[in-house]
Amino acid sequence: MDKFVIEGGAPLHGVIPTSGSKNSALPALAAALLTEDKVVLKRVPRVRDIRTMERLLTDIGSYITVEGERVTLETPVIVSPEAPYELVKTMRASSLVLGPLVARAGRARVSLPGGCAIGARPINQHLSGLELLGAKISQEHGYVEAVAAGGLKGTRIVFDRITVTGTEDILMAAVLAEGETIIENAAREPEVVDLSNLLIKMGAKIEGAGTSVIRIEGVAKLRGAEHEIIADRIEAGTYVIAAAITGGDVTITGCVADHLGALTVKLAKAGVRVVQPDETTLHVLPGSVIHAVDMSTEEYPGFATDLQAQYMALMTQADGISIVKETIFENRFMHAQELMRMGANIRLEGREAIVAGRSRLSGAGVIASDLRASASLVLAALVAKGETVIDRVYHIDRGYENIEGKLAAVGANIRRVE
Ligand code: EPU
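Criteria and cut-off values
- Residues numbered from 1 in each chain as written.
- Predicted model: local features only at pLDDT ≥ 70, side-chain atom pairs only at ≥ 80, totals over all residues.
- Heavy atoms only, no water.
- Pairing = 2+ DSSP bridges.
- Helix = DSSP H or I, 4+ residues; strand = E, 2+ residues; numbered from the N terminus.
- Axes fitted to C-alpha atoms, helices over the stretch in contact; angles between N-to-C directions.
- Contact = heavy atoms within 4.5 Å.
- 1 Å grid on protein atoms, 1.4 Å probe; cavity = no way out; pocket = protein on both sides within 12 Å on 5 of 7 lines; lining within 4 Å.
- Points joined across faces, edges and corners; volume = space filled by probe spheres on them.
- Near = heavy atom within 4 Å.
- Polar contact = N/O pair within 3.5 Å; in protein donor to acceptor, adjacent residues only side chain to side chain.
- Areas by Shrake-Rupley, 256 points an atom, 1.4 Å probe, with all protein chains shown as cover.
- Nonpolar A, V, L, I, M, F, W, Y, C, P; charged D, E, K, R; others polar.
- Phe/Tyr/Trp six-rings, centres within 6.5 Å; stacked < 30°, edge-to-face > 60°.
- Buried < 20%, exposed > 50% of the residue type's maximum accessible area, 1.4 Å probe, protein only.
- Lys NZ or Arg CZ within 6 Å of the ring centre and 35° of its normal.
- Core = buried A, V, L, I, M, F, W, Y, C linked by side-chain atoms within 4.5 Å.

Student: Which residues make up the sheet that holds strand β5 (residues 70-74), and what values go with them?
Tutor: Ordered by their spatial adjacency, 4 strands build an open sheet running β4-β5-β3-β14, and the pairing between neighbours is mixed. Only two strands of the sheet have a single partner each, and these edge strands are β4 (63-67) and β14 (225-228). Pairs of neighbouring strands in the sheet enclose a mean axial angle of 15°, with direction left out of account. Contacting β3 (38-42) and β14, helix α7 (residues 190-201) crosses the sheet at an angle of about 160° to β14.

Next up, the structure:
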């Protein structure tokens, strides 16, 4: 199993390019199941979750060619409308094939995801949405089966709580349903908008993506399309925080600065100087004194839960006490224990972490528990005195493209060892 060895203390200087968004590419790949034509996706990050999705789609019946970050998919027939436990247990986003499979093949059988390092994460809302669209849902042997032999019918769906992949799943089902579907309390994340843009290129009729009410007029058939995935706002945000925590001077290019509004506003309050030379670039200026600022995660456009762990690492280096509140997932503080092993002063009280700064972190052996928790440990290691060894970095490989290469290129002392 690979590990990262990081020697802290070097401020970062230089340019970090942003990769395509993992959480946008995953539903886009699944959307290719909706047509027998060729779908070409550009700027698909080469991370492990994407390879898992490609494996799943190949088993289902897609022919996939990967040339660098360009992925071409063609699915003449659905051979096996299934997502097996072996894949779902490694990647919950496998449930994104539910909607497209029911819509195209009239049937899907998907393993129920079990518990997860960050919370229970059920898919009940995906299922009740499909049921409202006319699918019959049954559950047996840990699998859920959705059948709509006569096709899906447009309807009104009001989500009980905002769900990102749930919105995407239902969107992909509704585009081929008969008549109009209205999704209320929909997720407004940029990844939902990106998926909607791809589906529109494929011939879908969708209005309102990016707002909490999405209207879809079903069509009989979708065609192939070519689409470039948006920039990964979480990756870009992680590097903005990496620059801030080391007091570095770093330019993050190829991002969508607008998608990072909640982070940059928070950082400005904390005293970090971030400027936006243009709409795809963020420049973190050196020499800021970081102040403690409370933060609560929210659905987009609020502060992303996927940046909470990294923000907590930053707050260990801020003057004063901050409260970091997690409202989306019930168990997303696994990194706090590891940060404490490095010398951070954090107290957990339910969904709140009380972080007292500024701590002198020191290198230690730590364990990565999930994707974003791992990223926060990398950030802490960058400022810790001495050497940090991060174990189980396969978590980080799920979602960060070449993180060690990108950080080393701006001066971080980081290497991967087997
Ligand atoms: N929820 C339900 N029922 C459902 C669906 C969700 O109760 O049917 C709950 C969840 O348990 C959670 C909340 O609703 O408490 C929000 O979950 P959501 O469905 O929005 O999360 P997701 O779609 O499973 C995506 C991202 C996550 C990101 C969350 C929140 C992808 C592939 N994953 O997950 O990304 O944290 O939205 O923004 O898009 C990551 O990249 O590290 C990651 C975990």
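Student: I'd like a description of the layout of surface pockets, backed by residues and values.
Tutor: Empty space within the second largest pocket amounts to approximately 230 Å³. Forming the boundary of the second largest pocket are 15 residues, of which Ile-245, Thr-246, Gly-247, Arg-358 and Val-383 lie nearest the centre. Of all elements in the fold, only α8 (233-246) and α12 (371-383) reach the threshold of two or more residues within the lining of the second largest pocket. Ranked by residues supplied to the lining of the second largest pocket, first place goes to α8 with 3 residues.

Student: Outline the site of the ligand, listing residues and values.
Tutor: What surrounds the ligand is a group of 22 residues, the closest being Asn-124, Thr-163, Thr-165, Asp-306 and Ile-328. One of the side-chain nitrogen or oxygen atoms of Arg-372 is found 2.8 Å away from an oxygen atom of the ligand. Compared with its free state, where it exposes 830 Å², the ligand has 89% of that area covered by protein. Elements supplying a minimum of two residues to the shell around the ligand: α1 (22-31), α5 (124-132), α6 (164-174) and α12. The class makeup of the residues in the shell around the ligand is 9 nonpolar, 7 polar and 6 charged.

Student: Which residues make up the packing of aromatic side chains, and what are the values?
Tutor: Any pair of aromatic rings gets described here by the distance separating the centres and the angle formed by the planes. Counted under the stated rule, the structure contains 1 aromatic pair. Ring geometry for Phe-303 versus Tyr-311: centroids 5.3 Å apart, planes at 70°, classification edge-to-face. In this pair, the class of Phe-303 matches that of Tyr-311, namely buried. Stacked on the ring of Tyr-143, the Lys or Arg Arg-109 has its end atom at 4.0 Å from the ring centre.

Student: Outline the side chain of Thr-72, listing residues and values.
Tutor: Inspection of the secondary structure assignment puts Thr-72 in strand β5. Residues within four places of Thr-72 in sequence aside, it is in contact with Lys-38, Val-39, Val-40, Tyr-63, Ile-64, Thr-65 and Glu-67.

Student: Let's hear about the nonpolar core: which residues, and what values?
Tutor: Grouped together as the largest cluster of nonpolar side chains are 68 residues, with contacts concentrated most on Leu-34, Met-53, Val-97 and Leu-199. Setting aside anything within four residues of it in sequence, one finds Leu-34 in contact with Pro-100, Ala-103, Arg-104, Met-172, Val-175, Leu-176, Leu-199, Met-202 and Leu-222. Listed in part, the 67 residues of the second largest apolar core include Leu-339, Ala-380, Leu-382 and Val-410.

Student: Help me get a handle on unusual backbone geometry, residues and values and all.
Tutor: Between Tyr-300 and the following residue, Pro-301, the backbone shows a cis peptide bond with an omega angle of 10°. Here Pro-301 shows up in the loop between β18 (295-296) and α10 (308-315). Of the consecutive residues Gly-357 and Arg-358, the connecting peptide bond is found in the cis state with omega at 5°. Summarising the element assignment, Arg-358 is placed in the loop between β21 (352-357) and β22 (365-367). Not every positive phi belongs to a glycine, and Arg-43 is a case in point at roughly 60°. Tracing the chain through its elements places Arg-43 in the loop between β3 and α2 (48-60). Positioned with a positive phi, Arg-392 is a non-glycine residue whose angle comes to about 60°. Along the chain, Arg-392 falls in the loop between β23 (387-391) and α13 (394-397).

Student: Tell me what's going on with empty space enclosed by the protein, and back it up with residues and numbers.
Tutor: Inspection of the entire model under this criterion finds 1 cavity of 30 Å³ or more. Quantified by volume, the largest cavity comes out at close to 40 Å³. Forming the boundary of the largest cavity are Ala-244, Gly-247, Val-272, Val-284, Leu-285, Ser-288 and Ile-290. For the lining of the largest cavity, a count of residues per class yields 5 nonpolar, 2 polar and no charged.

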